[in-house]
Amino acid sequence: MKIVIKNGHVVDPSQGIDGVCDLVMEDGKIKEVKSEKSKGKGQRHENNRGTKEIDASGKLVLPGLVDLHVHLREPGYEYKETIRTGTAAAIRGGITSLCCMPNTNPVNDNSSVTEFILKKAASEGACRVFPIGAITKGQKGEELAEMSIMHEAGCVAFSDDGRPVTDSLMMRRAMEYSRILKVPLISHCEDLALSAGGVMQEGLLSVTLGLKGIPPQAEEVMVARDIALAELTGGRLHIAHVSTEGSVALIRSAKKRGMADVTAETCPHYFSITEEAVGSYDANAKVNPPLRSRKDVEAIKQGLHDGTIDVIATDHAPHHRDEKLGEFDVAPSGISGLETSLGLSMRLVDEGVLTYSGLVEKMALKPSGIVGIDRGTLRPGAEADVVVVDCSREYRVDAGEFLSKGKNTPFDGWALSAKPVLTISLGRIHEWE
Amino acid sequence: MGLKSKDLVGIKALDAADIEQILDTAAGFKDVLGRDIKKVPALRGKTTVNLFYEPSTRTRTSFELAAKRLSTDVINFSVSTSSVVKGESLRDTALTIQALGADFIVVRHPCSGVAHFLANNLDASVVNAGDGTNEHPTQALLDLFTIREKKGVIRGLEVAIVGDILHSRVAKSNIYALKKMGAGVRLIGPPTLVPDVLKDLDVEIYSDMEKGLKGADIVMMLRIQVERQGKGFFPTTVEYFRNWGLTPERLARAKESALVMHPGPMNRGVEISSDVADGMRSVILDQVTNGLAVRMAVLYLLAGVKG
Ligand SMILES: [Zn+2]
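In this text the structure is predicted, and so the values were computed from the model without any measurement.

Engineer: Would you mind showing me how to read empty space enclosed by the protein here?
Structural biologist: Leftover empty space is mapped by rolling, across the atoms, a probe with the size of a water molecule. Residues and elements named next belong to chain A. According to the stated counting rule, one finds six cavities of 30 Å³ or more in the structure shown. In this structure, the largest cavity encloses a volume near 60 Å³. Lining the largest cavity we find His-188, Cys-189, Glu-190, Ser-195, Ile-214, Ala-218, Glu-219, His-241, Asn-288, Pro-289, Pro-290 and Arg-292. Split by residue class, the lining of the largest cavity holds five nonpolar, four polar and three charged.

Okay, here's the thing in structure tokens:
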């Protein structure tokens, strides 16, 4: 079948395209991006030759987004999210490929769990799922997991996310060993001793709310350690959810030195809101690393702007409603992020932090490159993963309407403008008003 | 007359007029407590539930007696802290208590924010009897009442608060209340327990107790939790006392008329010497008596909000 998305503003940094074009797809692959003016205004229709035409006048047409950091919760925590609901939420957010973190139950630390996830995703998933395997068995930080067997089974990266690899020697070995696979280790940078018991950013607000604070340095000392180990070992390091000014500075200087193979991601909540969102103990604003200060938010934006931070990922961490109700100290950390990611990130374009092209780089092209998957592009022959985005109408975020089981978001009720209205993934067209 | 909110979750949410009104009302109840018949029928037919997730005989007894003096029925509901960890829903417990027809829920809980949570989720009036390391508003109010009673005014006084400010809900509530009422506040203790960021609240911070006490009108000592030694906050209680224990010599740095306060229970020889605790300038037992009058005033005024 042939699909043509006509008259949209196509943005594809992989080919340097940023203008009104027609996007032609055939048999599930991108066929071409036609830049000459074509007619085809008005509604979409099926013409005689079985071509589906979609009018995207006034809308953005982007490669399907690629999310490096998602907690799908299955197996083990299906009451929080499943592969079915998580991938449906991804599609709603314009994300057509996602990498799922291994902190499930059982942990994805062996190929049978990897195979389970891939099988489940193949039968129930609305988008492509690329599993991330655990670095260490049970994410305990004690013994290496079978990385190369898991890699063969389909893992595209390794991480003990949710926890750091606390033991520096274990992290060193993991980085050295991972070189045989040429895959990144994704590091959750947190000095557990420094952050112990903490539930929000440390500062005046944490003291006056009576909540235990986490200093930015709990992240930064581990960022510094991992950069040092990457320099030592030559392993590929990808730093997850960068949230502080100091981390940005460390990564910037590491990239400048050029001695370490390091990339980094941040998440929409780290450039959209501050610790103030905790307000009067709103557990929906409890996340790890915690929401930081205004100066951190500005530094994250600067890091995105100057290329220090390569990727915007969601760290989608859905939780059951009951878990976020009650004592702030007891509530689990995390934000359900798949369905607000693009809307929040597009604000960076409005603010002049990123261009459209820069945004697509951070949300599609670069993440694909980091985990070595052939996505995030509209090059001829690539998978027909596409998202059409309407930026013309303001809408309100309504967490109750999320397709994700996790309604835990501090952005409920926010007015955003960028909204995916059509996503093509796995040969299916999903369309919304 | 009455307060603006149905709840008393913290001093942060009050203004000076609210505080003044509570103190004035408490003064009236203190007169009542001096009579032969100490009970008034003001809140007859109402029900007070003491919901305590932390054991605290002092505070619970004070609230219980205050509620009874106002002729409310009192139910004590103690929940073990382990149920918090077990994930027993706070909301379910609270809704159950509300369904029993409670008009007042006096709550103490080891987690900060719990009083806010209950106040937002229940129709009953919630009184915070201490939540985590956040606030303990009635303690601050009774401290202010005691200061006003002894000194006549609060505005312009210099109040030194000594000890574990970081973990003390009593200190937090007192800082807010004293600042709102126009007093100067100095915080004294080791940097591990007195975070620098508190300077933003327009208070002075001292690690040197001799300097910090100089010319103070009030010396408010906090209870040091002995468990904090060995956790890196300070090496030993011996060293703590050496640096921050209130001795007669140190007290001599404060004004001659300075009062010594302590929310109790005291660790004699850790944060305060017995000479001082039992000395002429100690108003520690007055604080206990005044606590009753202040808690009566709070319940009485909250009932006014509910109509
Ligand atoms: Zn993480």
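From this point, things continue past the structure.
Engineer: Which parts of the structure should I look at to understand the domain arrangement of chain B?
Structural biologist: Many analyses report the size of an interface as the accessible area lost when the parts associate. All names here are of chain B. Splitting chain B by domain gives domain 1 (16-134 + 288-303) and domain 2 (137-287). Relative placement of domain 1 and domain 2: their C-alpha centres are 25 Å apart. With 28 residues of domain 1 at the interface, the matching set in domain 2 holds 25 residues. Summing both sides of the interface, domain 1 and domain 2 together bury roughly 2100 Å²; the carbon and sulfur share of this comes to 58%. For the domain 1 face of the interface with domain 2, the top three residues by lost area are Ile-19, Leu-23 and Asn-290, together amounting to 26%. Our enumeration of links across domain 1 and domain 2 arrives at four salt bridges. The closest approach of N and O atoms between Arg-169 and Glu-54, which form a salt bridge, is 2.9 Å. Those elements giving two or more residues to the side of domain 1 that touches domain 2 turn out to be helix 1 (16-33), helix 2 (57-69), strand 3 (104-109), strand 4 (125-131) and helix 12 (284-306). Of the residues forming the side of domain 1 that touches domain 2, the biggest block, nine residues, is contributed by helix 1. A class-by-class count of the residues in the side of domain 1 that touches domain 2 yields 11 nonpolar, nine polar and eight charged.

Engineer: Explain the confidence of the model for chain A here, please?
Structural biologist: Detailed reading of the predicted coordinates is not advisable wherever pLDDT falls low. In the predicted model, chain A carries a mean pLDDT of 95, and the fraction of residues at 70 or more is 97%. Predicted confidence for residues 38-43 of chain A stays below pLDDT 50, and this span has 11 contacts to residues more than four positions away or in other chains.

Definitions and cut-offs
Residues numbered from 1 in each chain as written. Chains lettered and ligands numbered in written order. Predicted model: local features only at pLDDT ≥ 70, side-chain atom pairs only at ≥ 80, totals over all residues. Heavy atoms only, no water. 1 Å grid on protein atoms, 1.4 Å probe; cavity = no way out; pocket = protein on both sides within 12 Å on 5 of 7 lines; lining within 4 Å. Points joined across faces, edges and corners; volume = space filled by probe spheres on them. Nonpolar A, V, L, I, M, F, W, Y, C, P; charged D, E, K, R; others polar. Domains from an automatic or database assignment. Contact = heavy atoms within 4.5 Å. Buried area = accessible area lost by both parts, 1.4 Å probe. Salt bridge = Lys/Arg side-chain N within 4 Å of Asp/Glu carboxyl O. Helix = DSSP H or I, 4+ residues; strand = E, 2+ residues; numbered from the N terminus. pLDDT = per-residue confidence, 0-100.

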